[in-house]
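# Report on the structure
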Amino acid sequence: MNFSWKRNLIVLWVGVFFCSTAYSISIPFLSIFLSDELGVDNHLEIWSGVTFGITFLASALISPFWGSLADKYGRKPMLIRSGFSLAGLYLLNYFVHDPYWFIVVRVLQGLLAGFVPAAIAMVATNTPEEKTGYALSIMSTAGASGSIIGPLIGGIVSYYSGNRNAFLFSAAIVLVSALIATFFAKEQSFDRSAPRSHVSDDIREARSNRVFITLLMLAGISTFSVMILEPLIPIYLLHMGISKSTASLSSGIVFSAVGIATVLMAPQWGRIGSRRGFGAILFIGLIGGGIGNILQFFVTGYVEFAILRFAYGLFYAGVLPSVNSMIVQVTEPGFRGRAFGLNQAASQLATMAGPIIGGLLGGFMPIRWVFVINGMMLLAAAVLVKMNKLESQISAVHTTN
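Conventions we followed
Residues numbered from 1 in each chain as written. Predicted model: local features only at pLDDT ≥ 70, side-chain atom pairs only at ≥ 80, totals over all residues. Heavy atoms only, no water. Helix = DSSP H or I, 4+ residues; strand = E, 2+ residues; numbered from the N terminus. Rg over C-alpha atoms; globule rule 2.2 N^0.38 Å. Buried < 20%, exposed > 50% of the residue type's maximum accessible area, 1.4 Å probe, protein only. Contact = heavy atoms within 4.5 Å. Lys, Arg positive; Asp, Glu negative; His and termini not counted. Charge placed at Lys NZ, Arg CZ, Asp CG, Glu CD. 1 Å grid on protein atoms, 1.4 Å probe; cavity = no way out; pocket = protein on both sides within 12 Å on 5 of 7 lines; lining within 4 Å. Points joined across faces, edges and corners; volume = space filled by probe spheres on them. Nonpolar A, V, L, I, M, F, W, Y, C, P; charged D, E, K, R; others polar. Patch = residues over 30% accessible without salt bridge, like charges linked within 9 Å, V, L, I, M, F, W, Y side chains within 5 Å. Areas by Shrake-Rupley, 256 points an atom, 1.4 Å probe, with all protein chains shown as cover. Salt bridge = Lys/Arg side-chain N within 4 Å of Asp/Glu carboxyl O.

Helix and strand counts for the protein chain come out as 18 helices and zero strands. Whereas a compact globule of 401 residues would reach a radius of gyration of roughly 21 Å, the protein chain reaches 20 Å, a difference of no more than 12%. Structurally, the protein chain occupies a C-alpha span of about 55 × 45 × 35 Å along its principal axes. Counting across all 401 residues of the protein chain, residues that qualify as buried make up 58%. By sequence separation, contacts in the protein chain at least 24 residues apart represent 87% of the contacts at least 6 residues apart. Positive and negative side-chain charges in the protein chain, numbering 25 and 17 respectively, have mean positions lying 7 Å apart.

A separate point is empty space enclosed by the protein. Evaluation of the coordinates by the stated rule reveals three cavities of 30 Å³ or more. Roughly 1300 Å³ of volume is contained in the largest cavity. Along its surface, the largest cavity is lined by 47 residues, and Ser20, Tyr23, Val116, Gly143 and Leu320 are the ones closest to its centre. Among the elements that line the lining of the largest cavity, the one with the most residues is helix α7 (residues 132–161), at seven residues. In terms of lining residues, the second largest cavity is bounded by 15 residues, among which Trp66, Gly67, Gly114, Pro117 and Ala118 are the most central. Counting only elements with at least two residues in the lining of the second largest cavity, the list comes to α3 (44–73), α4 (75–93), α6 (115–125) and α16 (336–364). Of the residues belonging to the lining of the second largest cavity, the class tally is eight nonpolar, six polar and one charged.

Further remarks concern the environment of Ile233. Considering the arrangement of structural elements, one finds Ile233 in helix α11 (residues 233–239). Here Ile233 falls in the buried class, since its relative accessible area comes to 2%. On a C-alpha basis, the gap between Ile233 and Leu38 in space is 20 Å, while along the polypeptide they are 195 residues apart. Each residue touching Ile233, except ones within four places of it in the same chain, is listed here: Val254, Phe255, Phe305 and Arg309.

Along the polypeptide, Arg106 turns up in helix α5 (residues 99–111). Classification of Arg106 by relative accessible area gives buried; the value is 4%.

Before going further, it helps to examine a nonpolar patch on the surface. Taken together, the side chains of Phe84, Leu175, Leu179, Phe183 and Phe184 make up a nonpolar region of the molecular surface, amounting to roughly 470 Å² of accessible area. With three residues, helix α8 (residues 163–183) is the single largest residue contributor to the nonpolar patch. If you trace the backbone, Phe183 turns up in helix α8. Residue classification places Phe183 among the exposed positions, given a relative accessible area of 57%.

Dropping the structure here:
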């Protein structure tokens, strides 16, 4: 390496932190923004789910294309493209007063997104292989840290100066990510003379790697389990007796509990995974996450709910970093940008489906039962990991590569 991978890791960590912060600022108040600012009075749960999910449907459809461009032209151009585009679109949210136009802007955000997966792919391909698992675990704390501070900023800004002004903070913060990528992110010299692959070829290559497909499924399930609750938690807190005037702030605190747990535990899971295998960490994380979700069915108080969300986060912190580390192990370096593009597509499809299904379920059954469904799904994923002997399969593929 002709540059320090540790320095690059720090730079990209800061960029992802600001980008994740910008996204998560709107999470605590989006349902309330739809109601109070955009005039959505009926079927608020469904509107909330669609508004959350439509961005990620667009992102899922376009992610393989961006991944292909990343392998052809480099990951840094993708960081710059995404960062400046998102800054402009977050600013545009401030001026929207119609719910349908709001959805249009959310679609554009999905189509032009891609900062986080490009940063992850850049770390994965510019870090010594023996350090990749640790580096990706550290990167996961960037998104988690952003998810801590973002909802708190969103809750505080919306409480004191209105929901609409929080979008200005999002625009300014993601602009910092774009500037960091432009001036400080470094990438190894990139051979741009090779022909760019087609998405259909990438999908065909991915399908030939059975372990990689399993990892994509697990990434989708894990992301879905988080996103199914995103539009429901603010409403659930209202059912607990939290006043509407403080619901945004209270939601921000609850959302941040999982992020704090991830920041504390993800590096520890990364170190343990490097020694004992990431398949074991993935299994433990899924089991703990499943049980943690089911236990939330029995909680009726705000403080107890936040504490249990924190405990759930301690286990969930090991899931996605383990998946990302195993993707590195089972893919060739030249395919890695496209691999993470496909991984992003799977995650974004889950991110799209989660809020929509969560909104529908929340409209037809008590929200507490969604936690039970979610927990059972994670436990089933853990059984899938164990039955497929995923760790041994990854070792065999890694040896071959």
